[in-house]
Amino acid sequence: MIIINDPVTGTKRYDYKAEAKFDDFREVIESVAPDSTLELVGQVLPNPKGASSYKYIKHGDWKLEKGWAYVLSVEGRVVKIGMTNATLTSRFGSYQAGTHKARDKGTCSVTNYYVSEVFRTVLDMFPDPENIPLEMIEIWGYKVPHAEIELNVLGKIQTVRQKMAHVYETRLLDLYKEHYGNYPCLSNNSSQK
C-alpha cells in the first residue's frame, strides 16, 4: 500500500499489489496484437541529489522518437498506462516536475505529483539504495506509428503529422479494464477521460 499525502486533495491510498501482473497484461496485448510488443524503455532508481529524488536508466533514444504509449510497472504490477505525443524525454521529464515543493506551490500537475510520489515511496522502502533491483520500477513503451496528412491551412498545403498516441493509450486501457475490471491505480487522469 502506498499512501500519498497530497497538500491539495488530501490523503490517497494506492494498493498497487492488487493490480495485474505486467507479464500477464503483456500476454493479453500480444494475444490480440502479436506484432505490438511493448519494449523495456527505462527503469527508475534513486537520485538523492536531484529535485525529484529519482532518475531514469534509459534504454534507447528518448530524445528522438515522438509518439508513445507506455506502461509503468512497480514490482512487476501495472500501475499506470499513459501516452505522449512528444518524446519520452519530454514526458518523463515532466513527471520529475512532481516535487513536494512544486505541489505545495500548485505548479505541478496531479498526475506528475502522484507518479513521482509512488516512485519515491517505492524507492524509499529500500534502506540501501545501492541494492534496489532494476526491475523494481520499469517503463515499458510502444512506439506509435507515424501518420501524416496533407491539409489546406488557410490556402497553403501543409503536411501535418497526426497525433495518435491517445488511441493506443485508450486501447491499452480498454484491454486492461476488459481483463481486470478496472483501470490501473494511477490511470485516473488518462486522456481517455
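For the structure, check the block above.
Reading the values: the criteria
Residues numbered from 1 in each chain as written. Predicted model: local features only at pLDDT ≥ 70, side-chain atom pairs only at ≥ 80, totals over all residues. Heavy atoms only, no water. Helix = DSSP H or I, 4+ residues; strand = E, 2+ residues; numbered from the N terminus. Expected span 1.5 Å × (residues − 1). Buried < 20%, exposed > 50% of the residue type's maximum accessible area, 1.4 Å probe, protein only. Arc of directions from axis to C-beta. Contact = heavy atoms within 4.5 Å. Pairing = 2+ DSSP bridges. Axes fitted to C-alpha atoms, helices over the stretch in contact; angles between N-to-C directions. Phe/Tyr/Trp six-rings, centres within 6.5 Å; stacked < 30°, edge-to-face > 60°.

Draft legend 1. Structural view of helix α5 (residues 165-180). Its 16 residues place the ends of α5 22 Å apart at the C-alpha level, agreeing with the 22 Å of an ideal helix rising 1.5 Å per residue. When α5 is considered as a whole, its buried residues turn out to be Ala165, Glu169, Leu172, Leu173, Leu175 and Tyr176. An end-on view of α5 places all buried positions within 160° of arc, on one side of the element. Buried-residue contacts for α5 involve α1 (22-32), β5 (68-74) and β6 (77-84).

Draft legend 2. Local environment of the sheet that holds strand β4 (residues 54-58). Within the open sheet, the five strands sit side by side as β4-β3-β7-β5-β6. Their pairing is antiparallel. Lying at the two open borders of the sheet, with one neighbouring strand each, are β4 and β6. Strand-to-strand twist across the sheet, computed as the mean angle between neighbouring axes with direction ignored, equals 25°. For strand β3 (residues 39-46) and β4, the ladder comprises five bridges, and the chain directions are antiparallel. Along β4, the bridge assignment pairs Pro46 with Tyr54.

Draft legend 3. How the structure looks around the packing of aromatic side chains. If you walk through the whole model with that rule in mind, you get 15 aromatic pairs. On the basis of an interplanar angle of 70° and a centroid distance of 5.7 Å, the ring pair of Tyr54 and Tyr56 is categorised as edge-to-face. Residue Tyr54 shares its accessibility class with Tyr56, and that shared class is buried. Between Tyr176 and Tyr180, the aromatic rings sit 4.8 Å apart at their centres with planes inclined by 50°, giving tilted as the arrangement. One end of the pair is Tyr176 and the other is Tyr180, both in helix α5 and four residues apart, which spans about a single turn. In this structure Tyr176 comes out as buried when scored by relative accessible area, which is 0%. Among the residues examined, Tyr180 registers a relative accessible area of 29% and is labelled partly exposed. One aromatic cluster in this structure is built from Tyr54, Tyr56, Trp62, Tyr70, Phe92, Tyr95 and Phe119.

Keep in mind these numbers describe shape, not what the thing actually does.
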